[in-house]
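# Structural features, examined
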Amino acid sequence: AQTVTQSQPEMSVQEAETVTLSCTYDTSESDYYLFWYKQPPSRQMILVIRQEAYKQQNATENRFSVNFQKAAKSFSLKISDSQLGDAAMYFCAYRRPLAGTYKYIFGTGTRLKVLA
Amino acid sequence: GAGVSQSPSNKVTEKGKDVELRCDPISGHTALYWYRQSLGQGLEFLIYFQGNSAPDKSGLPSDRFSAERTGGSVSTLTIQRTQQEDSAVYLCASSLTSGTAYEQYFGPGTRLTVT
C-alpha cells in the first residue's frame with residue numbers, strides 16, 4: 001500500500017525568506033501523481049502545485065516549486081519570498097494514475113508559520 | 001462557476017444521534033470524494049463516487065457510516081448512532097474524470113462535534 005510521510009509537524013520562516021517542506025512517499029508503481037495542497041484556517045484546501053511522475057522537470061508555480069527525486073521517493077515544496085498569507089497547513093498527496101482508483105493518500109501535514 | 005459547497009458548516013450533536021452531511025460538487029464533476037480530517041491528523045479517505053455509484057467505499061470506518069449520491073450531483077454522508085470518536089472535519093471534493101491529472105477541488109468542510 002502507498003504511504004505518504006511528512007516528517008515536519010511545524011515549520012517557521014521569516015517573511016521574504018525561503019522555506020522547504022519535506023514529503024516522502026512509498027510506492028511500487030512507476031507512474032503516479034503528486035500534489036501539494038494548502039489549508040488555511042478557513043479549512044478550504046487549495047491546490048498549490050502538482051507533479052506527474054513521468055515528467056523529469058520539476059513543477060513550478062510562481063513562488064512555489066518542487067524538488068522531485070523519483071528514485072529517492074521525495075517530493076519537497078520550496079516557497080520563495082514567503083508572505084504572511086502563506087501561513088497554513090500544507091499537505092502532500094499521492095494519487096495512482098489508474099482508472100477506478102482516484103483517491104488521494106495524504107500525509108499528516110506541516111504547519112507553516114510566517115514571521116513578520 | 002461556484003466551487004464545492006458543504007452544509008452545515010458546523011454541527012454539534014449528542015452521542016447516539018444520527019447526522020447527515022451534505023456536499024454539492026462543482027457542476028459537471030462526475031467524481032466525488034469524502035475525506036475525514038481528525039485533529040492533528042491528515043486526511044483519511046472515506047468513499048469515492050463515480051456518478052451515482054461508489055466503486056470504492058473502502059475507507060468507511062464502520063457500518064454506522066453510509067453515503068449516497070443522487071442525480072450524479074449532491075451527496076449525503078450519514079453517520080448513525082454517533083460516537084465521540086466521530087468528531088472531526090468532514091471534507092468533500094469533486095473532480096473531472098477526463099484529462100490527465102484529475103485534480104480534486106475541495107469544499108470548506110463540515111466540523112462535526114459529538115458531545
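Look above for the structure.
Residues numbered from 1 in each chain as written. Chains lettered and ligands numbered in written order. Predicted model: local features only at pLDDT ≥ 70, side-chain atom pairs only at ≥ 80, totals over all residues. Heavy atoms only, no water.

This part is about the side chain of A:S65. Residue and element names in this part refer to chain A. Inspection of the secondary structure assignment puts S65 in strand β8 (residues 64-69). On the accessibility criterion, S65 (16% relative accessible area) is buried. Once you skip the residues sitting within four places of it in the chain, S65 turns out to touch I49, A59, T60, S76, L77 and K78. (Helix = DSSP H or I, 4+ residues; strand = E, 2+ residues; numbered from the N terminus. Buried < 20%, exposed > 50% of the residue type's maximum accessible area, 1.4 Å probe, protein only. Contact = heavy atoms within 4.5 Å.)

Here we come to the pairing of strand β12 (residues 110-115) of chain A. Residues and elements named next belong to chain A. Covered by surrounding structure in β12 are T110, L112 and V114 only, the residues R111, K113 and L115 on the alternate face being uncovered. Sheet analysis places strand β2 (residues 10-14) next to β12, joined by five bridges and oriented parallel. Looking at the pairing, M11 lines up with L112 of β12. (Pairing = 2+ DSSP bridges.)

Turning our eyes to something else, we now look at the state of the cysteines. Across all of its chains, the model carries two disulfides over all chains by this definition. Paired through a disulfide, A:C23 and A:C92 show a sulfur-sulfur distance of 2.0 Å. Between A:C23 and A:C92 the disulfide shows an S-S torsion of about -70°. By sign, it is left-handed. You can see A:C23 sitting in the loop between β3 (19-21) and β4 (24-26) and its partner A:C92 sitting in strand β10 (residues 88-95), a full 69 residues away along the chain. Residue A:C23 shares its accessibility class with A:C92, and that shared class is buried. The disulfide that involves B:C23 links it to B:C92, with 1.8 Å between the sulfurs. On the sign convention where negative means left-handed, the S-S torsion of about -65° between B:C23 and B:C92 marks this disulfide as left-handed. (Disulfide = S-S within 2.5 Å.)

Working definition: two side chains of opposite charge can pair if their charged atoms are close together. Per the counting criterion, the structure on display carries 11 salt bridges over all chains. The residue A:E52 makes a salt bridge to A:K55 at a minimum N-O spacing of 3.9 Å. A residue is classified by how much of its surface remains accessible, and A:E52, at 8% relative accessible area, is buried. Assessed through its relative accessible area of 39%, A:K55 is described here as partly exposed. B:D56 is the salt-bridge partner of A:K103, the closest N and O atoms lying 3.7 Å from each other. On the criterion of chain membership, the pair formed by A:K103 in the loop between β10 and β11 (104-106) and B:D56 in strand β6 (residues 53-56) is interchain, its members lying in two chains. By relative accessible area, A:K103 is classed as partly exposed at 26%. With a relative accessible area of 13%, B:D56 lands in the buried category. (Salt bridge = Lys/Arg side-chain N within 4 Å of Asp/Glu carboxyl O.)

At the interface, 27 residues of chain B touch 19 residues of chain A. Here chain B and chain A share an interface that buries about 2,000 Å² over both sides, 50% of which is from carbon and sulfur atoms. If you sort the residues of chain B by the area they bury against chain A, B:L43, B:E103 and B:F106 come out on top, with a joint share of 25%. The tally of links from chain B across to chain A stands at two salt bridges. Ionic pairing is found between B:E103 and A:R50, a salt bridge with its closest N-O pair at 2.0 Å. (Buried area = accessible area lost by both parts, 1.4 Å probe.)

Turning our eyes to something else, we now look at the environment of B:T115. All names here are of chain B. Along the chain, the position of T115 falls in the segment after β11 (110-114). Remark: the alpha-carbon pair of T115 and T82, spanning 33 residues in sequence, is separated by 9.4 Å. Beyond its immediate chain neighbours, meaning those up to four positions away, T115 contacts V12, T13, E14, K15 and Q84.

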